[in-house]
Structures are given as structure tokens and as C-alpha cells.
Amino acid sequence: MAPQVDITVFPGNIVNNEFAATTTTRHAINPSTGEALPEVPVSTKDDVDVAVAHARTAFKTWSKVPFAERARLLLAFANAIEENREQLERLLVLEQGKPLGLAKMEFDMGIQWLRTFATMEVKDEVLDDNEDRIITQTFPPLGVCCGIVPWNWPVLLGLGKIGPALITGNTIIIKPSPFTPYCDLKLGEIGMKIFPEGVLQVLSGGDDLGPMLTEHPGIDKISFTGSSDTGKLVMQSCSKTLKRVTLELGGNDPAIICEDADFSVTVPKVATMAFLNSGQICMLVKRVYVHESIYDKFRDAIVEFTKTVVKTGDGFEDGVLVGPLQNSMQYEKVKDMYADIKHQGYKMALEGHAMTNSKGFFITPSIIDNPPEDSRIVVEEPFGPVIPLLKWSDEDDVIERANSLKMGLGASVWSKDLDRADRMARELSAGSVWINSHFDVAPNVPFGGHKWSGIGSEWGMTGLKGYCNSRSIWKWKKVM
Ligand code: NAD
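The structure displayed is predicted, hence computed values, not measured ones.

Reading the values: the criteria
Residues numbered from 1 in each chain as written. Predicted model: local features only at pLDDT ≥ 70, side-chain atom pairs only at ≥ 80, totals over all residues. Heavy atoms only, no water. Axes fitted to C-alpha atoms, helices over the stretch in contact; angles between N-to-C directions. Helix = DSSP H or I, 4+ residues; strand = E, 2+ residues; numbered from the N terminus. Parallel < 35°, antiparallel > 145°, perpendicular 65-115°, else oblique. Core = buried A, V, L, I, M, F, W, Y, C linked by side-chain atoms within 4.5 Å. Buried < 20%, exposed > 50% of the residue type's maximum accessible area, 1.4 Å probe, protein only. Domains from an automatic or database assignment. Phe/Tyr/Trp six-rings, centres within 6.5 Å; stacked < 30°, edge-to-face > 60°. Lys NZ or Arg CZ within 6 Å of the ring centre and 35° of its normal. Contact = heavy atoms within 4.5 Å. 1 Å grid on protein atoms, 1.4 Å probe; cavity = no way out; pocket = protein on both sides within 12 Å on 5 of 7 lines; lining within 4 Å. Points joined across faces, edges and corners; volume = space filled by probe spheres on them. Left-handed = near helix turned anticlockwise from the far one by under 90°.

A. Layout of the packing of helix H2 (residues 67-96) against helix H3 (residues 100-117). Between H2 and H3, the least distance of the axes is 9 Å, while the angle of their chain directions is 170°. Our classification of the angle between H2 and H3 gives roughly antiparallel.

Now the structure itself:
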């Protein structure tokens, strides 16, 4: 049995398998109620220096630990999280706001991800072998990695960096978002009892902590998930020390609904994949292109489904799909988008509104009826429960419109004609393209963005190799 963590106290950062208290502390708030959550550490540059020094020392031995032993510890970590998951799921609802069912899904996925990474060995590859020489490509770990995590999926995205870094022999420091530090600190606390000192550390802090890490000369790689604007700052900062970077950034995913799409499947799936987590997922449906011959029928059906099935409320209430926006900044951003839609006079098929009778950051879903292609609601990522429906008639034209933005994270095509859908899918500029679905992810499948949606991939063997250097060994069999 793994020891149970106490989700009401956060004694310090997780440094070298100990709690490291900081001079000052801060707290986040529950976005459903506005209530203060417990105090957490605020790291300084000195705290970063100490953690990095421990990570560098730990790397010397951890990088030599055989794969089988690293996998065993990763599995033990997954098991210990599972034994604590019930209370951690509640903590995730309290800090992030998402419905409990979604918090459970995030833990299901995080645990499954770790268990899969524990089976994924990056093996040497023989590139050439003849009587004179053998050339082998090997994949040594990079060193000390840092995972910078956003506030929308703190557990899955945290574990989705910890697993690949550790299984490939790196050490890692996790920096959660100041809005959602709690579960990530608890994951580090669980790891304290499992991994050797300095292998997994967690530093919490304010807005200045990210730059301290990206600038630090003792860190070899940053794996960053967040907005495209911040991603550019991260890359700029990392260039000074030539750190490796993986950037998982914003999205504005199109879903293309063809005239023969199956309504009974498409309508509920598209609505769910648009409003899940209050629209605060990088890879949700954010623009819905509907063939003009079915547009009116589709619009009416998705409005009806959203009105009757998509319930907004506190994450602990039964049947809620849309929780609050996670923080006041995001709440104001979405309210500003709603104000722009009203101001421009776009038609609303479903008009959402801020729930002013609550202290939480709740906004109910909106569906905008065929706004102009250059409107803010089409070209910007709202990261809230609002989608535009747009009409199309010509296949080449809709693909061009789907590809026209700077973002290229995900995209989907919905049709019974799988050959046609496949042909269209191959024209879409996005890191993940789904046919008759959206937002499927798996630990063994690379995940990343085209254009401003990112650089490199996470997950899959491609993602794991992103935590490795490439070293080609040329071995001459005879000394000439
Ligand atoms: P954000 O960019 O504001 O913050 C992300 C993280 O970066 C946080 O931990 C933050 O503290 C840190 N940070 C902020 N400024 C920094 C700096 N100058 N240097 C280093 N770190 C810094 O993003 P967010 O608001 O937390 O998340 C929402 C955005 O993330 C959306 O655009 C969404 O699409 C994107 N996102 C992308 C993915 C993906 O996998 N592609 C997944 C989730 C979210």
C-alpha cells in the first residue's frame, strides 16, 4: 500500500525527495466558488539553483539505471497514484473546476499513459552492417529536463512529461501553472517515496518562475505546453543556452461536416468535443464547417442537444459537462469575446451568458450562426464554451479555409464516405486529424502541432526521442 497524501497541506516544493519550504507562499482559488485554496510555495532563483544542482547530480546515476528498473519504478509510481486517486480527483476539481467525471478521466488517462511509457524502450537502431563496419544510432538522454505545464490538464500534461523524460533516463523538474499547482505538487510528493533523490522534483511559484527555468544554464530541455505567445517567449529564452525545446501550443481546430455525415453520431460528438472542460482544451472543435445542404438541420440539432444535454455548473454536481472558466483572466477574455459577438451583431443560434448569480467563473455555451470568416470568433482561439458554425459547399474551398489560420493542432472530417474523408484528411495541415471523431489521443501516438501550434511532438516513440540526443556509433571491425 502506498502512503496516502493529505490534500489539505502543501509543506513545500518537492526537492531531492524532501519538502523544501519557501520564504513566501501564495494560494490559488477554487474557480467554482472563489474560495481560497491552501498556501503553496513561491520559488526564488536560489530554489531553482538548488533543484537544478540536485537534478544534475541525480542524472549521473539515473541515466545509467537499466530500462527495466526505470520501467519498474514508473509502474510503482502509477500504482501509488492510483491508490491516492480518489482524493486527488477531488483536489483536481477544486483547483481546476472541471467536472468530477472529467477529473476521473484525466487520472485514468494519466495512469494509463505512465503504464504505456513503461513499455516503450527507445532501442538502438543498426543503420548499416557489413563485413567492415557496423553503424548504430543510439539515443542517450539529454540530461535535466523541465516540464512547464498549463492550467487546463495539470495531471495528464504533467504525467505526460514526467513519464517520457524518466523512462528515457533524464531527470525532470515540473513547473505547474500558478493557477493549478496542487495536484502536480502531490504527484511530486508521491514520487518522493519511489524515485531516487533528485530524479523528479516539482517547483511551484509565480509568473516569474517560468523565465527562471527557461534561462537556467543547468537545464538541457524545456517541454512546454501553453499558449503560442508564451511558446515564442520560451523559445527565445531557450535559444540563449541552446536548450532543446518541445512546444505544444494553442489550437483552433476545424471540424468539417460533410453532407452525408451521420447526424446521430456527429451532433452529440461535435457538441461534446466543443464544450468539454468549458472549451478549455487545446484540441477541441473550435470551428465547425457544415455543408450548406444540411446546415440548417445540423444547426438546429446541435443547438437542441447543447440546450438539453450540456449542463453548466459546479464540478461536483451530477451531470455537469461545463464547469467554470478556470481563472478570472480567462473569464474576462471569454466575456470580451461574447461582447464582441454581440457588438458585431452576429446571429446567435444559442446565446450563452455569464452566470452572475454565482461567485464562480461560469459562462453557458454559445453557438454563433455563420459569422464572417475573418471575425474574431473564427480566427482567435476563444478557450471558452463558444463555437462558430460556418457554411461550405466546395471541398477545395473548405480545406483552404480550414488551413488558413496560423494554428494547426487538430482537425476532423465527418463523413460516411471514408475514402473521401481520408483524401480530405491528408490535405489538412494539423498534427492530428480524425475521421468521424475529434480529440482522440494515446500515449503511443505522437501528438504535436503544425505551424504556430508547436514544434516537435510529445508521446509516441517520436515524443520519447525528443528527450534524447542522437549518437551514431561507427564501429570498424578491422583495424586498417
Ligand atoms: P500560458 O502560456 O499562459 O502558460 C502555460 C505555462 O507557462 C504556465 O505554467 C505558465 O506559468 C508558464 N509561463 C508563463 N509565462 C512564461 C514565460 N515567459 N516563460 C516560461 N513559462 C511561462 O498558457 P495557459 O493559459 O496556462 O494555457 C492555455 C493555452 O495553452 C491555450 O492556448 C491552449 O491551447 C494551450 N494548450 C496547448 C496544449 C497542447 O498540447 N498543444 C495543451 C493544453 C493547452
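From this point on, the discussion continues.
B. A look at the nonpolar core. In terms of nonpolar packing, the biggest core is built from 99 residues, with Phe77, Ile81, Phe195, Ile257 and Phe298 touching the most fellow members. The element best represented in this core is H2, accounting for twelve residues. Lining this core are residues from two domains, each supplying at least three of them: domain 1 (13-249 + 453-472) and domain 2 (253-443). By size, the runner-up hydrophobic cluster in this structure holds 27 residues, among which are Tyr331, Ile368, Ile399 and Val413.

C. Quick look at the packing of aromatic side chains. Here the structure, examined in full by the defined rule, presents nine aromatic pairs. Pairing Phe77 with Phe195 gives two aromatic rings, centres 5.2 Å apart and planes at 65°, and the pair type is edge-to-face. Of this pair, Phe77 sits in helix H2 while Phe195 sits in the loop between helix H5 (182-192) and strand E9 (200-202); the two residues are 118 residues apart in sequence, bridging distant segments of the chain. Here Trp113 and Trp459 contribute two aromatic rings whose centre-to-centre distance is 5.4 Å and whose plane-to-plane angle is 85°, an arrangement assigned as edge-to-face. Here Trp459 lies in the loop between strand E25 (457-458) and helix H14 (460-465) and Trp113 lies in helix H3, a separation of 346 residues in the sequence. For the pair shown, Trp113 and Trp459 are each scored as buried. Site record: aromatic cluster; members linked through ring pairs are Trp62, Phe77 and Phe195. Over the ring of Trp452 we find Lys406, and its NZ or CZ is 5.2 Å from the ring centre.

D. Fine view of the side chain of Lys186. You can see Lys186 is positioned in helix H5. Relative accessible area serves as the criterion here: at 1%, Lys186 is assigned to the buried category. Those residues in contact with Lys186, other than ones at most four positions away along the chain, are Val5, Asp6, Ile7, Val9, Phe10, Leu88 and Leu91.

E. Region of the structure containing the layout of surface pockets. Estimated volume of the largest pocket: approximately 1200 Å³. Considering the residues around the largest pocket, the lining is formed by 45 residues, among which Phe224, Gly226, Ser227, Ser228 and Thr230 are closest to the centre. Broken down by secondary-structure element, the contributors of at least two residues to the lining of the largest pocket are helix H6 (209-215), strand E10 (221-225), helix H7 (228-239) and helix H10 (328-344). In terms of residues, the lining of the largest pocket owes the most to one element, H7, which gives six residues.

F. View of the packing of helix H4 (residues 154-167) against H5. The contact between H4 and H5 brings their axes to 9 Å, and the two run at 40°. On the basis of the axis angle, H4 is oblique to H5. The interaxial crossing formed by H4 with H5 has right-handed handedness. Within the contact between the two elements, H4 uses Pro154, Val155, Gly158 and Leu159 and H5 uses Cys183, Asp184 and Leu187.

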